[in-house]
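Architecture at a glance
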Amino acid sequence: MSGLQASPLERPLEWDSPLFLMARAQFEQALPYAHVSPMVAERLSFPERALIMSVPLHRDDGTLEIFAGYRVQHSTVLGPTKGGIRYDPEVSLGECAALATWMTWKCALLRLPYGGAKGGIRCDPHALSPHELERLTRRFTSELVKEIGPQTDIPAPDMATNEQTMAWMMDTYSMLKGHAVPEVVTGKPISVGGSVFRREATGAGVVMCAERACERLGLELAQQRCVVQGFGNVGGIAASELYERGATVIGVSDISGGMHSEAGVDVPELHAYVAEHGSLEGYDRCERITNEELLELPCDVLVVAAREDQITDANAANINANLVVEGANGPTTLEADAILAERGITVVPDILANAGGVTVSYFEWVQDLGRLFWDRDEIRIKLADKMDDAFDRVWSVAEEKGITLRPAAMVAAIREVAGALETRGIYP
């Protein structure tokens, strides 16, 4: 009978989506350069735990609707897990597992005392009223109350969630615990323990990495022509940071499509338009192009800050940038990565480039725990120190091993987790 039974892990697992398998393949590609033990390699190949739940919601019209909710915790080797909550029709267990895995490497690379997590609700947030979003968030939080906590798992905003979402989560958790627990989430409003500069942190970190990469390549950021895909919380801030540093932003895009001006777009004007109209749809003071065309514009620096799978084997040969900086998670497929490397295009990988958000989330958590808060300039200086240190370590590994920045970033991150795992061992 035993000869007919396969090991449970030899069969496909519920999180084995293409995105998770891509995250695992990146890990496996870096292993030969990381020189870790087979025990470490095996343990870190899988998330530690995953939760699927049904989240009931009373709609405004009185009907009841059930939504799927998820939370995946990849690793607790370095400390409590940390990761965003997203509301999106594409949310799945596999997507959350992939993003939680990347978050582990991101935290380790920045030397934060966290492991990675990710969660969300499969829904169309634009089809829900503000009251429905609040009820959905509060019920989701109550379902998670045994899984999250300041010393276990700390959520943060992600796609279609924001400061208000985190305030609802913090309030619900606090009500269930009987006292205020601001440190249970990050990305909150300042009035309930949030940190200044948290909202801008990811986009600012992307540009810090872009500037550091330009320095290493013998370039000056202010002289570069830049394209930014995505004009939300990451891309919008990145575009502003590039504009303020003197770079020429020749193209941007959001969900409504892209726009292009060889003379450079007026980024502050675009932000004012979005604030008034909700998106760039209808803006007609630049040439309108598609998101696909935007990615292939001739430029010096391309910031991809939309979502996963944007640069693929179908368009990688047409990318016309010297430097690609990943503001989104997983925007470049494995096949595209190889094509860009062969073409000599430098890619600053997501686990490094967009780590500014989780770094300032860490600062927020520390401030909440100590009830002592820092000002904007102090946080920006601390963030720059962290980002520059991580970038320099990754660049050194790339030069030492003769590899590109993505596997170099993975190697640097894996070594951090491996050191702790080897020391701690496997219980029991």
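In short, a report on the structure. (Residues numbered from 1 in each chain as written. Predicted model: local features only at pLDDT ≥ 70, side-chain atom pairs only at ≥ 80, totals over all residues. Heavy atoms only, no water.)

Time to look at the overall build of the chain. Scanning the chain for helices and strands turns up 14 helices and twelve strands. Against the compact-globule benchmark of 22 Å for 428 residues, the chain has a radius of gyration of 21 Å, which places it among compact chains. Considered along the principal axes of its C-alpha atoms, the chain spans approximately 60 × 55 × 45 Å. Here the chain holds 428 residues, and the buried ones make up 57% of them. Considering only residue pairs separated by 6 or more positions, the chain has 70% of its internal contacts joining residues 24 or more positions apart. (Helix = DSSP H or I, 4+ residues; strand = E, 2+ residues; numbered from the N terminus. Rg over C-alpha atoms; globule rule 2.2 N^0.38 Å. Buried < 20%, exposed > 50% of the residue type's maximum accessible area, 1.4 Å probe, protein only. Contact = heavy atoms within 4.5 Å.)

Turning to the pairing of strand S4 (residues 115-122), a few remarks are in order. Most of S4 is tucked away: seven of the eight residues are buried. Bridge count for strand S2 (residues 64-73) against S4 is six bridges, and the pairing is antiparallel. Residue pairing for S4: Gly-69 is matched across the bridge by Ile-121. Alignment of strand S3 (residues 81-88) against S4, held across six bridges, turns out to be parallel. Of the residues in S4, the one forming a bridge with Lys-82 is Gly-116. Each parallel crossover has a hand, and for S3 linked through helix H3 (residues 93-109) to S4 it is right-handed. (Pairing = 2+ DSSP bridges. Right-handed = clockwise from strand over helix to strand, strands pointing away.)

Moving on, we get to the packing of aromatic side chains. Per the counting criterion, the structure on display carries nine aromatic pairs. An angle of 85° between the planes, with centres 5.8 Å apart, marks the rings of Tyr-114 and Tyr-362 as edge-to-face. You can see Tyr-114 sitting in the loop between H3 and S4 and its partner Tyr-362 sitting in helix H12 (residues 356-370), a full 248 residues away along the chain. The ring of Phe-46 has Arg-24 lying over it, and the distance from NZ or CZ to the ring centre is 4.6 Å. (Phe/Tyr/Trp six-rings, centres within 6.5 Å; stacked < 30°, edge-to-face > 60°. Lys NZ or Arg CZ within 6 Å of the ring centre and 35° of its normal.)

Further remarks concern the pairing of strand S1 (residues 49-58). Regular strands have side chains that alternate between both faces of the sheet. Relative to S2, S1 runs antiparallel, the two sharing ten bridges. By the bridge assignment for S2, His-58 is matched with Leu-64.

Ranked by size, the top nonpolar core spans 100 residues in total, and within it Trp-102, Trp-105, Leu-109, Leu-242, Val-252, Val-325 and Val-348 carry the most contacts. If sequence neighbours within four positions are ignored, Trp-105 has contacts with Phe-27, Leu-44, His-74, Ile-351, Met-410, Ala-413, Ile-414 and Val-417. (Core = buried A, V, L, I, M, F, W, Y, C linked by side-chain atoms within 4.5 Å.)

What follows concerns the pattern of salt bridges. Side-chain pairs of opposite charge can arise where the charged atoms are in close proximity. A full pass over the atoms with the stated rule returns 35 salt bridges. For Asp-60, the salt bridge goes to Arg-135, with nearest N and O atoms at 2.6 Å. Here Arg-135 lies in helix H4 (residues 130-144) and Asp-60 lies in the loop between S1 and S2, a separation of 75 residues in the sequence. You can call Arg-135 partly exposed: its relative accessible area is 33%. Across the pair Arg-307 and Glu-308 runs a salt bridge whose closest N-O atoms are separated by 3.5 Å. Glu-308 sits in the buried class, given a relative accessible area of 9%. Among the charged side chains, a salt-bridge network with shared partners connects Arg-86, Asp-88, Glu-95, Lys-118, Asp-158, Arg-307 and Glu-308. (Salt bridge = Lys/Arg side-chain N within 4 Å of Asp/Glu carboxyl O.)

Further remarks concern the layout of surface pockets. A volume near 410 Å³ is recorded for the second largest pocket. If you trace the second largest pocket, you find 23 residues lining it, with Ala-341, Thr-404, Leu-405, Arg-406 and Pro-407 closest to the centre. Of all the secondary structure elements, the ones that give two or more residues to the lining of the second largest pocket are helix H1 (18-34), helix H10 (334-342), strand S12 (346-348), helix H13 (376-401) and helix H14 (405-424). With five residues, the top contributor of residues to the lining of the second largest pocket is H10. Broken down by class, the residue content of the lining of the second largest pocket amounts to 15 nonpolar, five polar and three charged. (1 Å grid on protein atoms, 1.4 Å probe; cavity = no way out; pocket = protein on both sides within 12 Å on 5 of 7 lines; lining within 4 Å. Points joined across faces, edges and corners; volume = space filled by probe spheres on them. Nonpolar A, V, L, I, M, F, W, Y, C, P; charged D, E, K, R; others polar.)

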